[in-house]
Amino acid sequence: MVACPGSGKTRTLTYKVASQLSTLKSEKQWIVAITYTHRAADEIYDRILGLGVDTSRLWIGTIHSFFLEWILKPYAIYHDALRHGFRIINSHDTDQLLTELCRPYKNDRITPWDCGHYYTSAGLALSCQQTYKHASVLTILEQYGAVLQERRQVDFELILRYAYELIRANPSISLLLSSLFSDILVDEYQDTKEIQYAIIASILSAGKGKVNTFIVGDPNQAIYGSLGGYAIKADEFRTMAGIELKELDLWWNYRSTERIVGYFSNYGVNPTRIRSVGKHKDY
């Protein structure tokens, strides 16, 4: 579902989750709601509680938390880098280590900022736009990875990489998860990475149509392209997951005036409809 700004996207997702929870038939199945931030997860959870719906079969959290709780922890024994135990490090730990590793490259003006990277299903991708730095950055990242492996540490990007490697090498993981999940809902899909789509698609594909999905976001609010995020096209995800998808949109804006909506339309990259319908739309 494509939802323009101020269209009640969070409310729609909340009611969708509540509706699916209310009609859940099996006590052995879960409904999964994936959000971009912990704050968004807390807000949606509180709203569902306010509706008086039983949340005992609801799992809600960020994509990294989802992969960590449902793939890495239960199946770590099947991955060489995880089987002897691991510890998740935060972005501060990552910055400190990269700062240390970049010091020998000071004359080349290589900084931790140049070492931004992410993983796709095809491998490592660099965020640095200055291609002449790539050779040095790759060397630093190789050292960075070796240190993490020696310390049995996993950063946020490795959570995604290891989760993908686990489900690719062990198709039974996707099959088992598809039997546990009744629905997988994704918020802010425009900031989702290709490798994240691939993992979710693997679970949906294994379910062969038995796992429902509801994906909502706004392509015009995609701001994490340099980190690998992009608004996937419905046809692309349909092919990836091997399921049928119905395309919907929310195009009534209840928050902004018509003047603001008109100004915003000058910057829209994707052709989406927006109409101001709020109480003060003419202000």
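Scope of this entry: the structure provided in the associated data block. (Residues numbered from 1 in each chain as written. Predicted model: local features only at pLDDT ≥ 70, side-chain atom pairs only at ≥ 80, totals over all residues. Heavy atoms only, no water.)

## Digging into the sheet that holds strand S2 (residues 30-35)
Taken in spatial order, the four strands of this open sheet run S3-S2-S8-S9, and their pairing is parallel. Each having just a single partner strand, strand S3 (58-62) and strand S9 (212-216) make up the two edges of the open sheet. In this sheet, adjacent strand axes meet at a mean angle of 10° when their direction is disregarded. (Pairing = 2+ DSSP bridges. Helix = DSSP H or I, 4+ residues; strand = E, 2+ residues; numbered from the N terminus. Axes fitted to C-alpha atoms, helices over the stretch in contact; angles between N-to-C directions.)

## Quick word on the side chain of serine 182
One can find serine 182 in strand S8 (residues 181-187). Contacts of serine 182, omitting those with residues within four sequence positions, involve Leu24, Gln29, Trp30, Ile31, Lys210, Val211 and Asn212. (Contact = heavy atoms within 4.5 Å.)

## With respect to the environment of proline 271
When you line up the elements, proline 271 lands in the loop between helix H10 (258-264) and strand S12 (275-276). Along the chain, proline 271 and proline 219 lie 52 residues apart, while their C-alpha atoms are 9.3 Å from each other.

## Some points on the pairing of S9
For S8 and S9, the ladder comprises five bridges, and the chain directions are parallel. Residue pairing for S9: aspartate 183 is matched across the bridge by asparagine 212. Crossover handedness for the path S8 to helix H8 (residues 194-207) to S9: right-handed. (Right-handed = clockwise from strand over helix to strand, strands pointing away.)

## Looking at the pattern of salt bridges
Going through the model one piece at a time under the given rule, you end up with 12 salt bridges. In this structure, glutamate 188 and lysine 9 form a salt bridge, with 3.1 Å as the shortest nitrogen-oxygen distance. Taken together, the residues glutamate 188 in the loop between S8 and H8 and lysine 9 in helix H1 (residues 9-22) connect sequence positions 179 residues apart. Salt-bridge contacts for lysine 193 lead to glutamate 157; the nearest nitrogen and oxygen are separated by 2.5 Å. Highlighted residues: lysine 193 in the loop between S8 and H8 and glutamate 157 in helix H6 (residues 156-169), separated in sequence by 36 residues. Pair check on accessibility: lysine 193 and glutamate 157 agree, each one buried. One salt-bridge network, held together by shared partners, links Lys9, Asp187 and Glu188. (Salt bridge = Lys/Arg side-chain N within 4 Å of Asp/Glu carboxyl O. Buried < 20%, exposed > 50% of the residue type's maximum accessible area, 1.4 Å probe, protein only.)

Everything listed here is a matter of geometry and, on its own, says nothing about what the molecule does.
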